[in-house]
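Observations on the model geometry
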Amino acid sequence: MSETDGRTVLAAEALGKGYPLPSGWLQVLENLSLRIGAGEAVSIRGESGSGKSTLLHLLAGLEEPDRGEVLWEGEAIGRWSAARRARERGRRVGMVFQAPHLLPELTAWENVLLAARIAGRADRSARDRAAELLERVGLGDRGRQRPAQMSGGERQRVAVARALLNRPALLFADEPTGNLDESTADAVFALLRQLVLEEGAALVLVTHSERFAGRCDRSCHLERGLLAGGNGVE
Ligand SMILES: Nc1ncnc2c1ncn2[C@@H]1O[C@H](COP(=O)(O)OP(=O)(O)OP(=O)(O)O)[C@@H](O)[C@H]1O
Ligand SMILES: [Mg+2]
């Protein structure tokens, strides 16, 4: 167990977010609150268009809410400048999407290490960790291959290793197993879950899968802009 157990690492307080559409205002999230502790995995489900990706973008600091606040390890990120937010995101946040988004001209190992380069600390220990994570995702001997020479599941495992490189306190995954067959999806999910537990991070997983949701500590449902089951910790 991590020494940070029980601490709230991610909080959203009364978030509101909407978009102007030609047909009028679309209120996507309304007064949404959420708390997640270290080592905790929370799933978010909901119909297509219910706002799952929007919520993830707000929680990851990629978009700003119209109302409310997002707190990373107790700090309100909306008070930071855009530059500071980007810097802190590089250090504290890992993201995995449905598609791996690897750079085709880089090898698997270089793609993983890219996370450290962007955070300005591609030192010896980052290089060692990149190799260790590739090992953990079962690609220890594939580090020198480029994405075009890898299968979809292998690429997604590289993306998972990259997301974890900087030991993020917060890990966001938006349907990370959506493009994978069942057994590869199982392996990717188990790995995310395990690494988050080991490192005392918090995982927010958007998934359509009841199976994976059931294997998270908490399962939330997004409907009409509100989250059912979102308040946890303590
Ligand atoms: N930039 C934008 N401008 C206008 N509308 C947007 C914008 N981004 C998202 N939306 C709308 O907000 C709603 C929520 O979108 P979002 O992508 O969060 O849904 P989702 O739950 O992730 O759906 P899916 O399961 O299909 O990925 C949708 O109706 C979408 O059309
Ligand atoms: Mg989505």
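Residues numbered from 1 in each chain as written. Chains lettered and ligands numbered in written order. Predicted model: local features only at pLDDT ≥ 70, side-chain atom pairs only at ≥ 80, totals over all residues. Heavy atoms only, no water.

For helix α4 (residues 124-136), which comprises 13 residues, the first-to-last C-alpha distance of 18 Å matches the rise-based estimate of 18 Å (1.5 Å per residue) to within 8%. The complete set of buried residues in α4 reads Ala126, Arg129, Ala130, Leu133 and Leu134. Seen from one end, α4 has its buried residues packed into an arc of 135 degrees, which puts them on one side. Pointing more than 90 degrees away from the buried face of α4 are the exposed residues Arg124 and Glu135. Elements that come into contact with the buried residues of α4 comprise α3 (108-118), α5 (152-164) and α6 (182-199). Of the residues one or two after α4, Gly138 is the one with positive phi, at around 80 degrees. (Helix = DSSP H or I, 4+ residues; strand = E, 2+ residues; numbered from the N terminus. Expected span 1.5 Å × (residues − 1). Buried < 20%, exposed > 50% of the residue type's maximum accessible area, 1.4 Å probe, protein only. Arc of directions from axis to C-beta. Contact = heavy atoms within 4.5 Å.)

So, about the confidence of the model for the chain. Parts of the model with low pLDDT should not have their predicted coordinates read in detail. Scored by pLDDT, the chain comes out at a mean of 90, with 95% of its residues at no less than 70. For the chain, the element scoring lowest by mean pLDDT is strand β10 (residues 226-228), at 78; strand β4 (residues 67-72) scores highest, at 97. (pLDDT = per-residue confidence, 0-100.)

Another aspect to go through is the sheet that holds strand β8 (residues 202-206). What the six strands build is an open sheet, ordered β6-β7-β8-β3-β9-β10; its pairing is mixed. Each edge of the open sheet carries a strand with a single partner, namely β6 (93-96) and β10. Each strand of the sheet is rotated relative to its neighbour by a mean of 20 degrees, with strand direction disregarded. Sheet topology places β6 next to strand β7 (residues 170-174); four bridges connect them, and they run parallel. Looking across to β7, one finds that Gly94 is bridged to Leu171. On top of the sheet, α5 reaches β6 and β7; it is set at about 170 degrees to β6, its chief contact. (Pairing = 2+ DSSP bridges. Axes fitted to C-alpha atoms, helices over the stretch in contact; angles between N-to-C directions.)

Bringing the sheet that holds strand β5 (residues 75-76) into the picture now. Judged by pairing direction, the sheet is antiparallel, and its four strands sit side by side in the order β2-β1-β4-β5 without closing on themselves. With one partner strand each, in any of the chains shown, β2 (24-37) and β5 form the two edges of the open sheet. Alignment of β4 against β5, held across two bridges, turns out to be antiparallel. Within the sheet, the bridge partner assigned to Trp72 lies in β5 and is Glu75. The strands touched by helix α1 (residues 52-59) are β1 (8-21), β2 and β4; relative to β1, the strand with the most contacts, the crossing angle is about 125 degrees.

With that out of the way, let us pick up unusual backbone geometry. Positive phi outside glycine occurs at Asn31, with the angle close to 55 degrees. The backbone of His101 sits at a positive phi, close to 50 degrees, despite the residue not being glycine. Position of His101 relative to the elements: it lies in the loop between β6 and α3.

The next subject is the site of ligand 1. For ligand 1, the set of nearby residues contains 14 residues, the closest of which are Ser48, Gly49, Lys52, Ser53 and Thr54. When residues of the shell around ligand 1 are traced back to their parent elements, those giving at least two are β1, β2 and α1. Among the elements that make up the shell around ligand 1, the one with the highest residue count is α1 (three residues). When the residues that make up the shell around ligand 1 are grouped by side-chain class, the tally is four nonpolar, seven polar and three charged. (Near = heavy atom within 4 Å. Nonpolar A, V, L, I, M, F, W, Y, C, P; charged D, E, K, R; others polar.)

Moving on: the packing of aromatic side chains. Evaluated as defined, the whole model comprises two aromatic pairs. Taken together, a centroid distance of 5.9 Å and an interplanar angle of 70 degrees make the contact between Trp72 and Trp80 edge-to-face. One exposure class covers both Trp72 and Trp80, and it is buried. Note on Phe189 and Phe212: the rings are 4.7 Å apart at their centroids and 15 degrees apart in plane angle, and the pair reads as stacked. One end of the pair, Phe189, is in helix α6; the other, Phe212, is in helix α7 (residues 210-214), and 23 residues separate them in sequence. When its relative accessible area of 2% is taken as the criterion, Phe189 is described as buried. (Phe/Tyr/Trp six-rings, centres within 6.5 Å; stacked < 30°, edge-to-face > 60°.)

Turning our eyes to something else, we now look at the pairing of strand β3 (residues 41-45). Judged by how many residues are buried, β3 sits mostly within the fold: four of five residues are covered. Across four bridges, β3 lies against β8 in parallel orientation. Each residue of the ladder has a partner; that of Ala41, found in β8, is Leu203. Looking at chain direction, β3 and strand β9 (residues 218-223) are connected through four bridges and run parallel. Residue pairing for β9: Arg45 is matched across the bridge by His221.

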